[in-house]
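# Summary of structural features
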Amino acid sequence: MKAEAVEGEEVVGEMADGTPLTLPVIEYDSGSGPSFFVGCTIHGDEVTGQASVWKLRDLIASTGIRGRLTIVPVMNPLGFNYNVRGIPIATIDLNRLYPGDPEGSLSERITAKIWSISRQHEYIVDVHTAGWCIPHILVDPVGGELKSRVEEFTAASGITVLQEYEEERYRLQNLAASLPGVALKDGKVALTVELGGFKGIDWASVDAGFICLRNMLIKAGLIKGRLEVVTSAPVISEKGYRRTSIFSTMGGLLRYEVVPGAKVRRDDMIAEIRDVYGRLKGEARAPTDGYIVSLNATSVVPSGGHLAELAVTA
Ligand SMILES: [Zn+2]
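For the structure given in this document, a descriptive report is provided here. All values reported here derive from a predicted model rather than from experimental measurement. (Residues numbered from 1 in each chain as written. Predicted model: local features only at pLDDT ≥ 70, side-chain atom pairs only at ≥ 80, totals over all residues. Heavy atoms only, no water.)

## Some remarks on the side chain of T70
Within the secondary structure, T70 is located in strand 4 (residues 68–72). Separated by 3.0 Å, the side chains of T70 and H121 make a polar contact. Setting aside anything within four residues of it in sequence, one finds T70 in contact with V25, I26, E27, F36, F37, V38, I117 and H121. (Helix = DSSP H or I, 4+ residues; strand = E, 2+ residues; numbered from the N terminus. Polar contact = N/O pair within 3.5 Å; in protein donor to acceptor, adjacent residues only side chain to side chain. Contact = heavy atoms within 4.5 Å.)

Pasting the structure below:
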């Protein structure tokens, strides 16, 4: 068992003024056993998972681990420094840029470095936030024996498990170039965890993230303990759901009739939309039966703006 970590930095490159661009790396290694990678904040303004990692490290300090656990708490340091999703000098989404290129642009060098660290592990968990949401896991398309391994693994997480968008949207969003997308193709058990929060730590989600990570480390055999279901947030226990998005047909301010985790039937009211004069302008209704996964925390939408993420039968 290993309770102490080695903390260090992996050099990606340097900025114009010579400041090194590095990734912080926390490494526990007992010498033998399963190997597990946790990365947070590839989207620089998604930080809740880092606080879940604080709790995880407190736990490991007392229990120790068997095997190897590598944590990169900030995978996008440039975005993190400026509290933005991407990196300030590019408009690119780093989580659509795997496996990267060690001799490419700065963005590609960052994802190449993360891939070179994470691919040394059997399990790869990429922690994000989805704003005003229930904590959930997203599983990219996968087939065969790896699919059953991923299903068995995610079932232990204690939070809602959803499949990714339907095929066309998945392709349009270029999600096959996300870290879990690339890792699954390489035969790893890989997934995305989405916690609450946007541009700050969602404290209500921190525990859920901690319990989820702890459950997965137990399932993979790195720590001992009893699996626990998250009770601080709703959990959709039914299987076979995927995520889908609802967009607003008009601009305005939203007043929601539902909260994340709510079960909705087709045509149930999700939100009313008011114009800037305060007049009721329209309504958004559920296109199909499902569960509310996340809502637009800003309340502000243009035509085509994001209104809600729904879990629907796959
Ligand atoms: Zn994200």
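The structure having been displayed, the exposition proceeds.
## Points about unusual backbone geometry
A cis amide bond links Y98 to the next residue, P99, at an omega of 5°. Mapped onto the fold, P99 is located in the loop between helix 2 (77–82) and helix 3 (106–118). The phi dihedral of D267 is positive, around 80°, even though this residue is not glycine.

## Some remarks on the packing of aromatic side chains
Tallying each qualifying case throughout the model produces six aromatic pairs. Both rings, one in F36 and one in Y123, keep their centres 5.7 Å apart while their planes meet at 20°; by these two values the pair is stacked. Residue F36 is found in strand 3 (residues 35–40), and its partner Y123 is found in strand 5 (residues 123–129); the two are separated by 87 residues along the sequence. A relative accessible area of 13% places Y123 in the buried class. An aromatic cluster of at least three residues, connected via ring pairs, comprises F36, Y123 and F153. Of note, R169 hangs over the ring of Y165, and the distance from its end group to the ring centre comes to 4.1 Å. Stacked on the ring of Y165, the Lys or Arg R243 has its end atom at 3.9 Å from the ring centre. (Phe/Tyr/Trp six-rings, centres within 6.5 Å; stacked < 30°, edge-to-face > 60°. Buried < 20%, exposed > 50% of the residue type's maximum accessible area, 1.4 Å probe, protein only. Lys NZ or Arg CZ within 6 Å of the ring centre and 35° of its normal.)

## Describing the sheet that holds strand 11 (residues 252–256)
Reading across from one edge, 14-13-11-16 is the order of the four strands in this open sheet, with antiparallel pairing throughout. Looking along the sheet, the strands with just one partner apiece sit at the ends: strand 14 (280–285) and strand 16 (300–301). Sheet analysis places strand 11 next to strand 16, joined by two bridges and oriented antiparallel. Bridge pairing links G252 to V301 in strand 16. (Pairing = 2+ DSSP bridges.)

The quantities given are spatial measurements derived from coordinates; they are silent on function.
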